[in-house]
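Summary of structural features
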Amino acid sequence: MMKRMPVIFSGHGSPMIALQDDELTRGMRQIGEKVLQQYGKPKAILAISAHWYTKGTFVQTAEEPEQIYDMYGFPKELYEVKYPVKGCQELSERVTELLGSGVAVDNSWGVDHGSWTVLVHMFPKADIPVVQLSANATIPAEKIIELGKKLSVLRNEGYLIFGSGNIVHNLRLVEWDNPNGTDKALKFNQYIIDSLTKGAYENVLHYETGPEAKYAVPTPEHYLPIIYCLGAADGDRVEVFNNVCNLGSMAMTGFIFS
């Protein structure tokens, strides 16, 4: 009998993480190895990235989704990183079945750096198909978690649900030379960790009431993937990985729900 796949949320931070070999990328690699060893190879990955932030909910159906280099001003080596995954028509069709009129097909995007800079470490062989689902800017958190719950059945069918964003993401106040997090970043990050581990999901949904929330989440796109993941987790226990804040105003914290 096939094991129910977990749900993973990962911080992605600077795109340069794709080229790094450090504590964070080793943490990502360990999570990928854990999935393969304990659950088996996923049939495909449904990825919700902060960088496909849309007015509406969209899913891809491309057989070979384009790798998107949606970042600017980085070294040439970063744009040479290849993660040539296939799409998965079966998964795309299941998403449209489960979400019905609440989702539309859009192949104008691809697999963006929110996804591939993490997946290149978790599943470096690039042999698991990836389908991206957009993060919807126009619906409240209560609707987003319901979408996640509708998608949770995919886990029983061999699909991995993966969200990529940041619990704390304030690009305007990034401190490029700071390897650590500010007190404000640490406080909000810990608040969300505590809320998830204690089952205080209302705190996660209504993050705006948390300590230093305006600093930690000045705009919602990097935070929203955790809400999709929380819905898809459907009450499963959570483990924390990469509990690290860096660049002052960035949290790389990840969660695996299983």
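As shown above, the structure is provided for reference.
Note that the coordinates shown come from a computational prediction; the quantities given were computed from them, not determined experimentally. (Residues numbered from 1 in each chain as written. Predicted model: local features only at pLDDT ≥ 70, side-chain atom pairs only at ≥ 80, totals over all residues. Heavy atoms only, no water.)

Describing the environment of leucine 205
By the secondary structure assignment, leucine 205 is in helix α6 (residues 201–205). With relative accessibility at 6%, the residue leucine 205 sits in the buried group. When the C-alpha positions of leucine 205 and leucine 230 are compared, they lie 9.2 Å apart, and in sequence the two are 25 residues distant. For leucine 205, the residues in contact, after removing those within four places along its chain, are Ala141, Ile145 and Ile227. (Helix = DSSP H or I, 4+ residues; strand = E, 2+ residues; numbered from the N terminus. Buried < 20%, exposed > 50% of the residue type's maximum accessible area, 1.4 Å probe, protein only. Contact = heavy atoms within 4.5 Å.)

Considering the side chain of aspartate 106
Note that aspartate 106 resides in the loop between β4 (104–105) and α3 (113–122). Lacking a salt bridge, the buried aspartate 106 has lysine 55 as its closest oppositely charged neighbour, with an N-O distance of 13 Å. Reaching out from aspartate 106, the side chain makes a polar contact with the side chain of serine 108 at a distance of 2.6 Å. The contact partners of aspartate 106, leaving out residues within four places of it in the chain, are Trp52, Phe58, Val59 and Gln60. (Lys, Arg positive; Asp, Glu negative; His and termini not counted. Salt bridge = Lys/Arg side-chain N within 4 Å of Asp/Glu carboxyl O. Polar contact = N/O pair within 3.5 Å; in protein donor to acceptor, adjacent residues only side chain to side chain.)

Considering the packing of aromatic side chains
Counted under the stated rule, the structure contains seven aromatic pairs. Judged by centre distance (6.2 Å) and plane angle (45°), the ring pair of tyrosine 69 and tyrosine 79 falls under tilted. Note that tyrosine 69 is positioned in the loop between β3 (58–59) and α2 (89–99) and tyrosine 79 in the loop between β3 and α2, a separation of ten residues in sequence. Among the aromatic residues, those joined into a cluster by ring pairs are Phe188, Tyr191, Tyr207 and Tyr223. Sitting above the plane of the tyrosine 39 ring, lysine 3 keeps its charged end 6.0 Å from the centroid. (Phe/Tyr/Trp six-rings, centres within 6.5 Å; stacked < 30°, edge-to-face > 60°. Lys NZ or Arg CZ within 6 Å of the ring centre and 35° of its normal.)

Quick word on the environment of tyrosine 69
Tyrosine 69 sits in the partly exposed class, given a relative accessible area of 22%. Residues tyrosine 69 and aspartate 112 lie 43 residues apart in sequence; the distance between their C-alpha atoms is 6.4 Å. Among residues more than four places away in sequence, those in contact with tyrosine 69 are Leu78, Tyr79, Val81, Lys82 and Trp116. Here the side chain of tyrosine 69 touches glutamine 67 through a polar contact of 3.4 Å, side chain to side chain.

Some words on the packing of α2 against helix α4 (residues 141–151)
At their nearest, the axes of α2 and α4 sit 9 Å apart, and the two run at 125° to each other. Considering the angle they form, α2 stands oblique to α4. Crossing angle aside, the handedness with which α2 passes α4 is right-handed. For the pair α2 and α4, contact is made by Val95, Leu98 and Leu99 and by Leu147, Lys150 and Leu151, respectively. Partitioning the contact of α2 with α4 into residue classes produces five nonpolar, no polar and one charged. (Axes fitted to C-alpha atoms, helices over the stretch in contact; angles between N-to-C directions. Parallel < 35°, antiparallel > 145°, perpendicular 65-115°, else oblique. Left-handed = near helix turned anticlockwise from the far one by under 90°. Nonpolar A, V, L, I, M, F, W, Y, C, P; charged D, E, K, R; others polar.)

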